[in-house]
Amino acid sequence: MFSKMIPKEGNFFGFFNQHAELACKGAAELTALISNVEHDLDRHRAKIEQLEHEADEITHTCINLLHQTFITPIDRDQIHSLITTMDDILDLMEDVAQTVDLYDVHKLAPEAQGLAKICVDSCEKVKVAVALLKDMDDGAKILAICHDIDQLETDADHLMRKAIGRLFREEADAKEILKQKAIYELLETITDRCEDVANLIEGIVLENA
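Here we summarise the structure given alongside this text.

**Quick look at the overall build of the protein**
Consideration 1: Scanning the protein for helices and strands turns up six helices and zero strands.
Consideration 2: When the elements of the protein are put in sequence order from the N terminus, they spell out α-α-α-α-α-α.
Consideration 3: Here the C-alpha radius of gyration of the protein, 19 Å, is about what a compact globule of 209 residues would show, namely 17 Å.
Consideration 4: On the principal axes, the C-alpha backbone points of the protein span a range of 70 × 35 × 20 Å.
Consideration 5: For the protein, the residues scored as buried account for 49% of the 209 residues in total.
Consideration 6: Restricting to contacts in the protein with at least 6 residues of sequence separation, those with at least 24 account for 84%.
Consideration 7: About 10,300 Å² of surface is accessible on the protein, with carbon and sulfur atoms providing 51% of the total.
Consideration 8: Of the side-chain charges in the protein, 21 are positive and 42 negative, and the distance between the mean point of each set is 2 Å.

Okay, here's the thing in structure tokens:
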């Protein structure tokens, strides 16, 4: 009797898709912010904060449903890990926007824009991979997308190192070095988290193939 009162399946894949869509919007706002930190900073920061709040709501709803669902389409731990790791992506975007504001940053090197672009590409790849998860009819395609995300993280790591190296060579102001280094590292960490999502998706595909 009790089991009949508990939902057997929830729309978990819908939550993943909604979350991925918000991350893509956040990445676009972040790119606009990084491209011109002197103009519309408050507007872009506020938009990223709004998207992060919406993502939090989706995460909480998903986890609450998980606790109420009797049978889940994939492993319960995988659902929890995937939605919370996806949530970290927008958390980090908010961290970047707030850091630019709090540190009163007025200029960023082209490498920062390059890192923001990689964040956009990574989030778009995550969105595609997540959308394919529901049916998993083409596991090879999903795994290939996950490989692309891994490569983007490697590209971001290389670009961050290059940016920091140039910063230490060309910037004389120690405070400015610390400010920009922190932003580069946060941007690169966004791609790390996208890679973490890709690794979770790989595990789901391989386990359910």
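**Observations concerning the side chain of histidine 44**
Consideration 1: Among the secondary structure elements, histidine 44 is positioned in helix α2 (residues 41-68).
Consideration 2: We classify histidine 44 as buried; its relative accessible area is 7%.
Consideration 3: Those residues within four positions of histidine 44 in sequence are excluded, and the remaining contacts are Glu29, Ala32, Leu33 and His39.

**Here we look at the environment of arginine 161**
Consideration 1: Tracing the backbone through its elements, the reader meets arginine 161 in helix α5 (residues 139-170).
Consideration 2: Residue classification places arginine 161 among the exposed residues on the basis of a relative accessible area of 56%.
Consideration 3: Linking arginine 161 and lysine 181, residues 20 residues apart in sequence, is a C-alpha distance of 9.8 Å.

**Some remarks on helix α3 (residues 76-102)**
Consideration 1: With 27 residues, α3 extends 39 Å between its outermost C-alpha atoms, agreeing within 8% with the 39 Å of an ideal straight helix rising 1.5 Å per residue.
Consideration 2: By the N-cap criterion, in which a side-chain oxygen at the helix start approaches the backbone nitrogen of a residue two or three places on, α3 is capped by aspartate 75, the distance to aspartate 77 being 2.9 Å.
Consideration 3: Aspartate 104 sits one or two positions beyond α3 and adopts a positive phi of about 55 degrees.

**Points about the pattern of salt bridges**
Consideration 1: Tallying each qualifying case throughout the model produces 14 salt bridges.
Consideration 2: Close ionic contact of arginine 45 with glutamate 49 constitutes a salt bridge, the shortest N to O distance being 3.3 Å. One end of the pair, arginine 45, and the other, glutamate 49, are both in helix α2, four residues apart, so they sit about a helical turn from each other.
Consideration 3: Exposure remark for arginine 45: the relative accessible area of 17% places this residue in the buried category.
Consideration 4: Here glutamate 111 makes a salt bridge to arginine 166, at a shortest N to O gap of 2.8 Å. Here glutamate 111, found in helix α4 (residues 110-132), pairs with arginine 166, found in helix α5; they are 55 residues apart in sequence, far enough to count as distant.
Consideration 5: For arginine 166, a relative accessible area of 24% puts it in the partly exposed group.
Consideration 6: One network of salt bridges, in which partners are shared, links Asp42, Arg45, Glu49 and Asp101.

Scoring rules and cut-offs
- Residues numbered from 1 in each chain as written.
- Predicted model: local features only at pLDDT ≥ 70, side-chain atom pairs only at ≥ 80, totals over all residues.
- Heavy atoms only, no water.
- Helix = DSSP H or I, 4+ residues; strand = E, 2+ residues; numbered from the N terminus.
- Rg over C-alpha atoms; globule rule 2.2 N^0.38 Å.
- Buried < 20%, exposed > 50% of the residue type's maximum accessible area, 1.4 Å probe, protein only.
- Contact = heavy atoms within 4.5 Å.
- Areas by Shrake-Rupley, 256 points an atom, 1.4 Å probe, with all protein chains shown as cover.
- Lys, Arg positive; Asp, Glu negative; His and termini not counted.
- Charge placed at Lys NZ, Arg CZ, Asp CG, Glu CD.
- Expected span 1.5 Å × (residues − 1).
- Polar contact = N/O pair within 3.5 Å; in protein donor to acceptor, adjacent residues only side chain to side chain.
- Salt bridge = Lys/Arg side-chain N within 4 Å of Asp/Glu carboxyl O.

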